[in-house]
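# Secondary and tertiary structure notes
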Amino acid sequence: MAIKGYIRERFFPHIWCPGCGHGIVLNSLLRAIEKLGMSKNEIVVVSGIGCSSRISGYVDFHTLHTIHGRALAFATGVKMSRPELNLIVPMGDGDALAIGGNHFIHSARRNIDMTAIVMNNRIYGMTGGQYSPLSGYGTLATTAPYTNIDYAFDTVELAKAAGASFVARSTTYHVQQLTKILKQAILHEGFSVVEVLSQCPTYFGRKNRKGTAADMMEFYKDNTTPVGSKAKKENPDLIERGVFVEKEMLEYCREYEKIIERAMKGRS
Amino acid sequence: MKNQNIKFIQGNEACVEGALYAGLDFFAGYPITPSTEIAELLSYRLPQKGGKFIQMEDEIASMGAIIGASLTGSKVMTATSGPGFSLMQEALGYAIMTEIPCVIVNVQRGGPSTGIPTHVSQGDVYQARWGTHGDHAIVTITASNHQDVFQTTVDAFNISETYRTPVILLYDEVIGHMREQLVLPKQGELPLVERLRTSVREGVNYHPYLPREDGRLPMSDFGGVHRYNVTGLFHDMWGFPSDNPEVVHDLIRHLVDKIRNNVNQIARFKEYYLEDAKCILISYGSSARSARHVVEYLRPRGEKLGLLELQTLWPFPHDIVNEKCVNAKHVVVVEMNMGQILREVKRAVERPERVFIANRIDGVFITPKDIRDILRVIQGKGV
């Protein structure tokens with residue numbers, strides 16, 4: 001199916017600002033789904049609240065636009081009831097890791113089969129540019145007018161520590177890689193985390209003098225490096241991208257099927 | 001011979017039996033006193049029938065999970081108490097806004113805050129009504145004995161499916177933990193309302209939020225042939241966000257009216273000796289047990305006393321209360337809070353100055369003697 005076939009045109013134009021990276025993530029996600037040849041009826045997209053979360057409305061799947069931070073909890077209910085469905089959960093950095101941080105680590109710990117996409121623009125965009133748990137020390141935001149003294153989470157390290165069985169990172173500059181990673185993440189059976197560095201020129205960029213959207217994407221090009229590259233050893237400030245974790249682990253819904261088997265046996 | 005259908009169990013277990021009878025498929029919850037037995041028992045019982053149980057990381061997640069599961073066509077429930085019920089309020093509003101059937105059990109303990117976890121209270125009556133933000137309507141039901149706990153739990157699922165609304169079962173610690181007899185109805189004995197699914201075929205436009213003429217809203221299960229959007233934003237018949245004033249107005253009217261226009265259908269109550277009663281006690285939940293005891297005790301002693309036991313608390317059955325109390329000299333509301341249903345009764349009756357309260361707010365179950373002492377004062381018989 002052509003990419004256009006996955007879009008709800010009725011919903012357009014989208015709400016994202018000019019230069020926003022989220023449209024690129026949407027593009028990559030749909031290309032990944034197209035390459036996988038998945039049927040639209042088998043995909044459920046669950047999102048929370050924020051700029052990123054509006055992605056659910058634009059796609060012609062079963063779409064659930066929930067409340068701030070709780071997308072993974074809603075998705076857990078959908079997945080447990082209908083394990084054969086493919087769950088994709090796009091979230092913003094504040095949505096996933098501030099208000100939704102608890103659900104993020106616990107979903108990872110359970111290894112429930114779904115794909116969590118953290119669209120990291122390092123800011124709360126929809127409310128006008130407040131600092132997020134991924135803004136980082138020394139950044140500026142409307143709620144950090146002097147400077148931000150909060151350290152940032154490293155999404156990849158957090159997901160690894162919480163037990164996610166697939167962990168990857170890419171950027172809106174590296175669209176080919178992003179599509180490939182999203183494909184892998186969706187295919188992976190277990191909890192997959194994909195962090196996407198996605199520019200917000202309107203708030204993060206402007207406040208922090210990062211230039212235009214194109215400048216911010218160039219920053220991704222110049223300041224990231226493939227996982228385990230020599231460049232990283234020479235320059236530890238570079239951000240690694242690629243697949244960090246891909247391991248086989250017992251998946252939650254399959255394990256629950258075994259619980260049902262045991263419970264039913266005990267009964268007869 | 002032992003009758004397998006008679007059980008001697010806790011109220012929390014009676015609630016579980018009712019939920020399973022109603023067809024519960026999915027439960028998500030988080031441990032909290034005094035509701036925990038519901039989760040424990042369902043973790044054992046649900047997989048035996050192919051259902052699913054999950055212990056979530058908190059009550060917010062529990063509400064989210066049951067709403068998600070309900071969208072796939074499952075009958076769902078969660079159970080909690082005061083602090084957990086507070087955490088559930090935002091997602092409860094989401095279920096109201098998106099019209100997703102679900103049942104929430106609150107086995108009340110004393111609050112505010114951590115309060116008095118192992119003791120009884122009925123302090124969450126208003127929270128059940130107005131806990132989530134924004135204009136809305138809600139259904140809240142309670143019961144005073146285990147047979148009624150079973151019945152009202154089945155009712156809660158039926159009402160939830162009929163009106164596509166969350167239903168709150170507002171039990172209390174005494175009901176939850178007290179043991180008494182429950183006679184299990186046979187399958188088929190009580191009517192069950194199943195999910196109303198759309199008859200719109202694949203490829204034909206399905207409007208998930210366009211009510212039928214009778215006001216009901218047929219659903220399509222997530223994963224089925226109709227793909228649609230569900231959002232907590234105000235939305236049109238497609239489920240698409242809208243800030244069109246007409247759409248906003250119509251949706252909020254629909255959400256409130258579908259409950260408000262069916263107050264009498266949703267109203268469940270019991271009455272004892274009301275025909276000639278000069279003094280009417282109004283009570284609900286466990287405190288109705290003591291109120292009924294007082295009535296049964298004083299009737300043979302010549303006191304024209306009656307009891308109106310409310311099971312449906314919200315929408316409050318104002319007309320029914322008004323009608324039942326029209327000939328009463330006094331009305332005494334018996335409850336274990338500072339007067340939450342008292343206020344509704346005063347709003348419902350012709351002469352609010354004749355409405356009094358007999359209450360306890362100290363975590364101790366209200367006794368028949370507590371009520372009789374207050375009756376003496378009201379009737380001018382001294383302290």
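Per chain, residues are indexed from 1 in the order of the written sequence. Naming scheme: in the order in which they are written, chains are lettered from A and ligands are numbered from 1. pLDDT decides what is reported in this predicted model: residues at 70 or higher carry local features, side-chain atom pairs at 80 or more are listed and counted, and totals for whole chains, interfaces and linings draw on all residues regardless. As a rule here, side-chain values cover all heavy atoms of the structure and leave hydrogens and water aside.

### A few points about the overall build of chain B
Numbering goes from the N terminus for both helices and strands, where a helix is a DSSP run of H or I of at least four residues and a strand is a run of E of at least two. For chain B, the helix and strand inventory stands at 13 helices and 16 strands. Computation of the radius of gyration draws on C-alpha atoms alone. For the globule rule, the value is 2.2 Å times the number of residues to the power 0.38. Radius of gyration (C-alpha) of chain B: 21 Å, near the 21 Å computed for a compact globule of 383 residues. Overall size of chain B, expressed as C-alpha extent along the three principal axes, is 75 × 55 × 40 Å. Exposure categories follow from relative accessible area, calculated using a 1.4 Å probe and restricted to protein chains: below 20% of the type maximum is buried, above 50% is exposed, and the middle band is partly exposed. For chain B, the proportion of its 383 residues judged to be buried stands at 61%. Of the contacts made within chain B by residues no fewer than 6 positions apart, 76% connect residues no fewer than 24 positions apart. Only the protein chains shown count as covering a residue, and every accessible area follows the Shrake-Rupley method with a 1.4 Å probe. Accessible surface for chain B amounts to roughly 15,100 Å². Of this, 51% is attributable to carbon and sulfur atoms. Contacts were defined at the residue level, with two residues in contact if any of their heavy atoms lie within 4.5 Å.

### A closer look at the domain arrangement of chain B
Residues and elements named next belong to chain B. Here the limits of each domain have been adopted from an automatic or database domain assignment. Domain parsing of chain B yields domain 1 (6-183) and domain 2 (271-378). Look at where the C-alpha atoms of domain 1 and domain 2 centre, and you get two points 26 Å apart. Each side of the interface is counted separately: domain 1 has 26 residues, and domain 2 has 23 residues. Taken together, the two surfaces of domain 1 and domain 2 that pack against each other cover about 1,900 Å², and 55% of this comes from carbon and sulfur. When two components associate, each loses some accessible surface as probed by a 1.4 Å sphere; the sum of these losses over both components is called the buried area. On the domain 1 side of the contact with domain 2, Gln122, Val125 and Tyr126 bury the most area, a combined 34% of that side's loss. A salt bridge links glutamate 180 to arginine 289; its shortest N-O distance comes to 2.9 Å. Here a polar contact is recorded for every N or O atom pair within 3.5 Å, except that within protein the pair must consist of a potential hydrogen donor and a potential acceptor, and residues adjacent in sequence are included only if both atoms are side-chain atoms. At the junction of domain 1 with domain 2, the criterion picks out 17 residue pairs in polar contact (both at pLDDT 80 or more). Take a side-chain nitrogen of Lys or Arg and a carboxyl oxygen of Asp or Glu: if they are within 4 Å of each other, that pair is a salt bridge.

### Things to note about unusual backbone geometry
Cis geometry is adopted by the peptide bond preceding Pro34(B), which originates at Thr33(B) and carries an omega value of 0°. Locating Pro34(B) in the fold gives a position in the loop between β2 (26-29) and α2 (36-45). Omega for the peptide link from Trp314(B) to Pro315(B) comes to -5°, which places this bond in the cis form. In this fold, Pro315(B) is placed in the loop between β14 (312-314) and α11 (318-324). The phi dihedral of Arg122(A) falls on the positive side, at around 65°, and the residue is not glycine. With respect to the helices, strands and loops of the structure, Arg122(A) is situated in the loop between β4 (114-120) and β5 (123-124).

### Details of the nonpolar core
Membership of the largest hydrophobic core comes to 132 residues, with the highest contact counts inside it found for Phe27(B), Ile38(B), Leu42(B), Met77(B), Ile282(B), Val321(B) and Val345(B). Of the domains in this structure, domain 1 (6-183) and domain 2 (271-378) of chain B are the two that each give at least three residues to this core. Sequence-distant contacts of Val321(B), defined by excluding residues within four places in its chain, comprise Ile282(B), Leu308(B), Leu310(B), Phe316(B), Val345(B), Ala348(B) and Val349(B). The set of buried Ala, Val, Leu, Ile, Met, Phe, Trp, Tyr and Cys residues whose side-chain atoms join them within 4.5 Å is what this entry labels a nonpolar core. Of all hydrophobic cores here, the second largest spans 33 residues; its members include Tyr58(A), Phe166(A), Val194(A) and Val196(A).

### Quick look at the interface of chain B and chain A
Between chain B and chain A, the contact holds 43 residues from the first and 41 residues from the second. For the pair chain B and chain A, the two sides together bury roughly 3,500 Å², of which 60% comes from carbon and sulfur. Together, Lys52(B), Glu57(B) and Arg227(B) form the three largest contributors to the area buried by chain B at its contact with chain A, with a combined 21%. Applying the counting rule to chain B against chain A returns three salt bridges. Note that Lys52(B) and Glu257(A) form a salt bridge whose closest N and O atoms lie 3.7 Å from each other.

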